Amino acid sequence: MSKMETIAFPGVMIAIVNWNRYQDTLTCLESLRKLDYPNFFIVVCDNGSKDGSVEQLRLWAETENVSFQSVSDKDAALLSAEIPQCCALTCIAGSSNHGFAGANNWALKYALRMNFVQYVWLLNNDTVVDPGALREMVQVVTQNADIGLCGSTVLQMDRPNTVQCLGGGRYSFWTGRTRHVGDGREWNSLASKENLRAQVETQINFVYGASMLVSCDFLQDVGMMSEDYFLYFEELDWAERARGRYKMSYAPGSLVWHKEGASTLLADRKKSEAADYYMIRNRVLFTSRYFPFGLVTVFAGLLVSLGKRIFRGQFGRIPLLLHAIADGMKVAHK
C-alpha cells in the first residue's frame, strides 16, 4: 500500500469475540472479506471454546487463502507488531471464558503495540456487514479528532429493514435501564432523513457494542474496557469514563445486520438466567459506581421486578435477583 493510500485509509484492526459459535463467526468473516476498505486485518478472540472453533478458523483461512496465525491469550503479547497483510486473520485463543471485555482487551492491547493501527472495530461475531460499513465509519471519525467512539446502523438479521439500534442508546440513571435509539423503526423510512447523524448524536450517551469503532488515542487516554462486568454495560462504562474528553458519533451509512442474543457468552440452557443475573448485577454496579444518587429508584424498580417474578411463579429467579443485587454492590465497592 502506498503512503497516500495509508493516509486516506487509516489502519484498522477488526476485533471479534467468539465462544462456541464458529459458524456465526465464519459467516461474519465471509462478509468482512467483501469490505471495500483496503487497510484492515482481523483478530478473533476465542473465549475457551469447546467446539473446535480455533481449528475451524484455521481450516477456513486455509481454504480461503487467508494468512493465519494463532496464539494463546498468555502469548498474545509476543505477537509481531509488523504490518500484516490486508484481511489477514489472527486468533488469540483463551483457555477459559473471560467475558466480552476480557477477550476484547487481548486485541485492544495488541492494537496499541502496532503503530500503523489507528482504529479498532469491535464487532459481534453474530453479524453480517455491508461492504461499505467500515469505510463509512472511518469517514466519520476522521472528520474530528475529538471523536473517540462511533457506532453503526444495526439492523435485525431476521427482519433486515428493521432497526435494532442507530449508533447507540441512552442510559437512565433513575431506572438503571437502557434503550437503543431507533429500536423497531423501519430503516427505509429513516435512511433518507436529513441530519440523521446529528439527530442521533444528540440522543445517545453510549455507543452500541455490537459494532463500535474506537480510536487508539481513546484507548491510550481512557484505557481498556472494564472487565468488572463480564457481560453487558461495558460500553456504558467506557463512555462514562470518557465523558468530557471524547465525543461519540454515528455513521448512518455503516450497515450491520445482527442476530442479537446469539453471541451471548454463556451456555444456551442457562442463557436466560445468566443474562438476567448480569443485567441486574451490572445495573446496580454501574449505577453505584457513577450515579449513586439513582440507587434508590433503581432498587425500587428491582422490587417491582421481584414482585413480577413472584406473580409469575418464577420463585427460582428470586434468589438469583437478590444475589445479583448483592454482587453488584460488592464489585462496585471493591
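Structural data are supplied above this passage.
Residues numbered from 1 in each chain as written. Predicted model: local features only at pLDDT ≥ 70, side-chain atom pairs only at ≥ 80, totals over all residues. Heavy atoms only, no water.

Caption draft 1: Looking closely at the sheet that holds strand β11 (residues 206-207). Judged by pairing direction, the sheet is antiparallel, and its three strands sit side by side in the order β10-β9-β11 without closing on themselves. With one partner strand each, in any of the chains shown, β10 (178-180) and β11 form the two edges of the open sheet. Direction of pairing for strand β9 (residues 168-171) relative to β11: antiparallel, over a ladder of two bridges. Along β11, the bridge assignment pairs glycine 169 with phenylalanine 206. (Pairing = 2+ DSSP bridges. Helix = DSSP H or I, 4+ residues; strand = E, 2+ residues; numbered from the N terminus.)

Caption draft 2: Representation of the pattern of salt bridges in the model. Tallied over the entire structure, the rule returns 12 salt bridges. Where arginine 58 meets glutamate 55, a salt bridge forms, and the shortest distance between an N and an O atom there is 2.4 Å. Placement of both arginine 58 and glutamate 55 in helix α3 (residues 53-63) is noted, with a separation of three residues, approximately one turn of the helix. Taking the relative accessible area as the measure of exposure, arginine 58 reaches 30% and is therefore partly exposed. A salt bridge links arginine 197 to glutamate 201, with the nearest nitrogen and oxygen atoms 2.9 Å apart. Linking arginine 197 with glutamate 201, this pair stays in helix α7 (residues 196-201), spanning four residues, or about one helical turn. (Salt bridge = Lys/Arg side-chain N within 4 Å of Asp/Glu carboxyl O. Buried < 20%, exposed > 50% of the residue type's maximum accessible area, 1.4 Å probe, protein only.)

Caption draft 3: Expanded view of the layout of surface pockets. Each pocket or cavity is described by its volume, and for the second largest pocket that value is around 300 Å³. Contributing to the lining of the second largest pocket are 18 residues, with Ile204, Asn205, Glu240, Arg243 and Met248 lying nearest its centre. Sorting the residues of the lining of the second largest pocket by element identifies α9 (234-241) and β13 (247-258) as the ones contributing at least two each. Among the elements that take part in the lining of the second largest pocket, α9 stands out by supplying three residues, more than any other. (1 Å grid on protein atoms, 1.4 Å probe; cavity = no way out; pocket = protein on both sides within 12 Å on 5 of 7 lines; lining within 4 Å. Points joined across faces, edges and corners; volume = space filled by probe spheres on them.)

Caption draft 4: Highlighting the nonpolar core. Counting 36 residues, the largest nonpolar core has Met13, Phe41, Leu108, Val117, Val120 and Trp238 as its most contacted members. Going through the elements one at a time, β1 (11-18), β2 (40-46), α4 (99-112), β5 (117-124), β12 (211-215) and α8 (216-222) are the ones with two or more residues in this core. At eight residues, α4 tops the list of elements feeding residues into this core. For valine 120, the residues in contact, after removing those within four places along its chain, are Met13, Ala15, Leu108, Ala111, Met212, Leu213, Val214, Cys216 and Leu219. (Core = buried A, V, L, I, M, F, W, Y, C linked by side-chain atoms within 4.5 Å. Contact = heavy atoms within 4.5 Å.)

Caption draft 5: Region of the structure containing the pairing of strand β8 (residues 163-166). Where strand β7 (residues 147-156) and β8 come together, three bridges link them in antiparallel fashion. Paired with leucine 155 across the strands is valine 163, a residue of β8. Count of turn residues in the β7/β8 antiparallel hairpin: six residues.

Caption draft 6: Examining the packing of helix α11 (residues 295-312) against helix α12 (residues 317-332) more closely. Where α11 meets α12, the axes come as close as 9 Å, and the angle between the chain directions of the two elements is 165 degrees. As judged from the angle between their axes, α11 and α12 are roughly antiparallel. The way α11 lies across α12 gives a crossing that is right-handed. Contacts between α11 and α12 involve Leu295, Phe299, Leu302, Ser305, Leu306, Arg309 and Ile310 on the former and, on the latter, Arg317, Ile318, Leu321, Ile325 and Met329. Across the contact of α11 with α12, the residue classes tally to nine nonpolar, one polar and two charged. (Axes fitted to C-alpha atoms, helices over the stretch in contact; angles between N-to-C directions. Parallel < 35°, antiparallel > 145°, perpendicular 65-115°, else oblique. Left-handed = near helix turned anticlockwise from the far one by under 90°. Nonpolar A, V, L, I, M, F, W, Y, C, P; charged D, E, K, R; others polar.)

Caption draft 7: Representation of the environment of valine 284 within the structure. Tracing the chain through its elements places valine 284 in helix α10 (residues 271-290). Along the primary structure valine 284 and methionine 329 are separated by 45 residues, whereas in three dimensions their C-alpha atoms are 6.4 Å apart. For valine 284, the contacting residues outside a window of four places in its chain are Leu295, Phe299, Leu302, Ile325, Gly328 and Met329.

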